[in-house]
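Residue-level structure breakdown
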Amino acid sequence: MSLTQFTQGYDIKLSPDDTLKVRVTELPIDNVGNNAYGFKVIAGSLPDVIGTDEIVISENVCRKLGLEDPLGKTVYHAQRAGFTQTVVAVIGDVYLDGPLSDPIDRK
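Note that this is a predicted model, so its numbers are computed, not measured.

The rules behind these values
- Residues numbered from 1 in each chain as written.
- Predicted model: local features only at pLDDT ≥ 70, side-chain atom pairs only at ≥ 80, totals over all residues.
- Heavy atoms only, no water.
- Core = buried A, V, L, I, M, F, W, Y, C linked by side-chain atoms within 4.5 Å.
- Buried < 20%, exposed > 50% of the residue type's maximum accessible area, 1.4 Å probe, protein only.
- Helix = DSSP H or I, 4+ residues; strand = E, 2+ residues; numbered from the N terminus.
- Contact = heavy atoms within 4.5 Å.

Re the nonpolar core
One finds I12, I55, I57, V61 and L65 to be the most contacted residues of the largest nonpolar core, which totals 13 residues. Among the elements of the structure, β1 (8-13), β2 (22-26), β4 (54-58), α1 (59-65) and β6 (84-91) are those that each provide at least two residues to this core. Ranked by size, the runner-up nonpolar core spans eight residues in total, among them L27, V56, V88 and A89.

Observations concerning the environment of D53
The residue D53 is located in the loop between β3 (41-44) and β4 in this model. Judged by relative accessible area, D53 falls into the partly exposed class, the value being 48%. Distance in space between the C-alpha atoms of D53 and T84 is 6.8 Å, their sequence separation being 31 residues. The residues touching D53, leaving out its near neighbours within four places in the chain, are T84, Q85 and T86.

Quick notes on the environment of I42
Position of I42 relative to the elements: it lies in strand β3. Take I42: its relative accessible area is 41%, and that puts it in the partly exposed class. In the structure, I42 is positioned 16 residues away from S58 in sequence and 8.8 Å away in space, judged by C-alpha atoms. When near neighbours in sequence (up to four residues on either side) are disregarded, I42 contacts E59, V90, I91 and G92.

By themselves, these observations are geometric and do not establish any function.
Quick look at the structure:
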């Protein structure tokens, strides 16, 4: 089973009118699954149950959005007007092709 089997991508931004959008790849991650992929939690905590109103982002997404303290911040979905999520955790960068490749953005 690979990380990409259960993923989909979308864009997030910091306000409804923001022109800066960051592409993220969604991956179900929570404490119930005992963090099966072994992601390193940098800040916050993984949700107990995967829900639609919370999001876990990577360090790379934080850098791209310019967020130094992302916990509790609201992100807006570029493709779904009015749909928001609250950042509940930050995980370490994820590399599918090895540490010399660019990190991918994970939810």
